[in-house]
Amino acid sequence: MEAVKCLSGGASLEANAESVLRAITPSLDPTRHKGQAGKIAVVGGCREYTGAPYFAAISALKIGADLSHVFCTEGAATVIKSYSPELIVHPILEESYNISGVNDEGKRDISKKILSEFDKWMERFDCLVVGPGLGRDPFLLECVSKIMTRARQSNVPIVVDGDGLFLVTNSIELVSGYRLAVLTPNVIEYKRLVQKVLGCDVNDQNTHGELLSLSKQIGGVTILRKGKSDLISDGEKVQSVSIYGSPRRCGGQGDILSGSVAVFLSWARQCNLAAERESTISRTNPTVLGCIAGSALLRKAAALAFEHKKRSTLTTDIIEHLGQSLEAISPVS
Ligand SMILES: NC(=O)C1=CN([C@@H]2O[C@H](COP(=O)(O)OP(=O)(O)OC[C@H]3O[C@@H](n4cnc5c(N)ncnc54)[C@H](OP(=O)(O)O)[C@@H]3O)[C@@H](O)[C@H]2O)[C@@H](O)CC1
Ligand SMILES: Nc1ncnc2c1ncn2[C@@H]1O[C@H](COP(=O)(O)OP(=O)(O)OP(=O)(O)O)[C@@H](O)[C@H]1O
Ligand SMILES: [Mg+2]
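All residue numbers refer to position in the chain's written sequence, counted from 1. A letter from A marks each chain and a number from 1 marks each ligand, given out in the order of writing. pLDDT decides what is reported in this predicted model: residues at 70 or higher carry local features, side-chain atom pairs at 80 or more are listed and counted, and totals for whole chains, interfaces and linings draw on all residues regardless. Side-chain figures throughout are based on the complete set of non-hydrogen atoms in the structure, without hydrogens or water.

### Comments concerning the site of ligand 2
A cutoff of 4 Å decides nearness: a residue is near a molecule or strand if any of its heavy atoms lies inside that distance of it. Near ligand 2 you find 14 residues, and of these K226, D230, G252, G254 and R299 are the closest. Identification of polar contacts relies on pairs of N or O atoms within 3.5 Å, with a donor-acceptor requirement for protein atoms, meaning one able to donate a hydrogen and the other able to accept it, and with residues adjacent in sequence counted only if both atoms are side-chain atoms. One nitrogen or oxygen atom from the side chain of N186 is found 2.9 Å from an oxygen atom belonging to ligand 2. With respect to ligand 2, the backbone of G227 contributes an N or O atom lying 3.5 Å from a nitrogen atom. To measure how exposed things are, a 1.4 Å probe is used in the Shrake-Rupley method; for residues, cover is taken only from the protein chains shown. Relative to its unbound accessible area of 620 Å², ligand 2 is 76% covered by the protein chains. Elements are defined by DSSP. Helices are runs of H or I of four residues or more, strands are runs of E of two residues or more, and each kind is numbered from the N terminus. Put simply, the parts of the chain that give the shell around ligand 2 at least two residues each are α9 (253-274) and α11 (286-309). Top contributing element to the shell around ligand 2 by residue count: α9, with 4 residues. Residues are grouped as follows: Ala, Val, Leu, Ile, Met, Phe, Trp, Tyr, Cys and Pro are nonpolar; Asp, Glu, Lys and Arg are charged; all remaining types, including Gly, are polar. Here the shell around ligand 2 is composed, by residue class, of 2 nonpolar, 6 polar and 6 charged.

Put into structure tokens, the structure is as follows:
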């Protein structure tokens, strides 16, 4: 059966997400060492937000990544560490309010130090997630721009979400033409991107054409437009994931998605390299496969959590169902 079918024109076809999940999820081979199932880093976590980076990073582990790091501000680090001992937390980012008495030269030194701390780790990561709970502090965002540029130079894939999209929308050159970038905008983030990049308002009469144009205009980055159905495009075609999820719209579900996409795209890249037979999946862009798999798994976990918790379903309940949802599709043999 063809796992991924799609049309290149004005329509999208529902992706066969279960086949994608089965094809890219690696077996638990005893010869594999720690790290081979994925090393993910989330860049996010500031004075206001500690939940979002935690949701993204812990989701990556619950799906099956081996190591999950968080790069955040010092204040956020203690909080995130106390949520979970599983996460490796680096308190390296700085916000303006914390360095208000420092002159320009001092700020340049701090920025250099942040980058060199990050550099020690970067080449080890299979994917970065930039943005969950990052905040919008100008000094912090300037440092994160440099981190993204460095990741790009090293060909590390980047999933951009939340405040990372605020940064990228205002500095589109950070991702423009980078085929290993994935943008995961919600309704508002998508609207801002369309306005900035295409110079017009969102056109609900031409959803697919618009998504294709947006992706092409940014040089073929993959875009996952979140909504009632998730729409995914790398500028070649549009695919959708509409599996029934949950009617609860509690905050944090997008953060689960960004951590999940990071893991699945890393797996899809490994599996593409190893693929010998000419299947539809092996010919599909791994960033697109990662989006299809992440969207489908989140929706299945949300449906299961809702079955149990109904109106009181929270993001943490959905995270607890990620493993069970993946097991139902791709069981450990
Ligand atoms: N626990 C945590 O730490 C969490 C932290 N998070 C982090 O927060 C940061 C900012 O992210 P964000 O998504 O809140 O900001 P943004 O996109 O500017 O939206 C702001 C406003 O847009 C509106 N709005 C939203 N959806 C809409 C819709 N479908 N249709 C219509 N309107 C809609 C809505 O406006 P309102 O209804 O309040 O008028 C909303 O207030 C980011 O870093 C993220 O990672 C979150 O991940 C959550 C969990
Ligand atoms: N109207 C909807 N019906 C069904 N599922 C939806 C709907 N809107 C969003 N979703 C699902 O919830 C997931 C998160 O999308 P959402 O728009 O809530 O992201 P977000 O605003 O970035 O979330 P966060 O609060 O984490 O920032 C999407 O992958 C999508 O599958
Ligand atoms: Mg979000």
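The rest of the description comes next.
### Quick word on the packing of α11 against helix α13 (residues 322-329)
Simply put, an axis is a line fit to the C-alpha atoms, just over the touching stretch for a helix, and the angle between two N-to-C directions goes from 0 to 180 degrees. With their axes 8 Å apart at the nearest point, α11 and α13 run at an angle of 115 degrees to one another. Our classification of the angle between α11 and α13 gives roughly perpendicular. Pair α11 / α13 crosses with right-handed handedness. From α11, L297, K300, A301 and L304 reach across to α13, where they touch L322, Q324, S325, L326 and I329. Residue composition of the contact of α11 with α13, by class: 6 nonpolar, 2 polar and 1 charged. What sets the label is the angle itself: under 35 degrees gives roughly parallel, over 145 gives roughly antiparallel, 65 to 115 gives roughly perpendicular, and the rest give oblique. Handedness of a crossing follows from how the near helix is turned relative to the far one, being left-handed for an anticlockwise turn of less than a right angle and right-handed for a clockwise one. Any pair of residues with heavy atoms lying within 4.5 Å of one another is described as a contacting pair.

### Some points on the environment of Y54
Following the sequence through the fold, Y54 ends up in helix α2 (residues 51-63). Among the residues examined, Y54 registers a relative accessible area of 16% and is labelled buried. Distance from Y54 to V42, taken between C-alpha atoms, is 8.6 Å for residues 12 residues apart in sequence. With near-sequence residues (within four places) excluded, Y54 lies in contact with Y83, S84 and L87. Exposure classes here rest on a 1.4 Å probe applied to the protein chains alone. A residue is buried below 20% of its type maximum, exposed above 50%, and partly exposed in between.

### Focus: α2
A helix is expected to reach a length of 1.5 Å times the quantity of its residues less one. Between its terminal C-alpha atoms α2 stretches 18 Å, which fits the 18 Å expected from 13 residues at 1.5 Å a residue. The element α2 is largely enclosed, with a buried count of 11 among its 13 residues. Of all the positions in α2, only A52, P53, Y54, F55, A56, A57, I58, S59, A60, L61 and I63 are classed as buried. G64, located one to two residues past α2, shows a positive phi value of around 140 degrees.

### Topic: the sheet that holds strand β8 (residues 222-225)
One open sheet accounts for 10 strands, arranged β1-β10-β9-β8-β7-β6-β5-β2-β3-β4; its pairing is mixed. Both edges of this open sheet fall to β1 (13-14) and β4 (88-93), since each of them pairs with a single strand only. For two strands to pair, DSSP has to find at least two bridges joining them. In the sheet, strand β9 (residues 230-233) pairs with strand β10 (residues 238-241) via 4 bridges, with the strands oriented antiparallel. Along β10, the bridge assignment pairs S233 with V238.

### Observations concerning the environment of S82
Assignment of secondary structure puts S82 in helix α3 (residues 74-83). On the accessibility criterion, S82 (58% relative accessible area) is exposed. For S82 and E123, which are 41 residues apart along the polypeptide, the C-alpha to C-alpha distance reads 27 Å. From its side chain, S82 meets the backbone oxygen of V79 in a polar contact 2.7 Å long.

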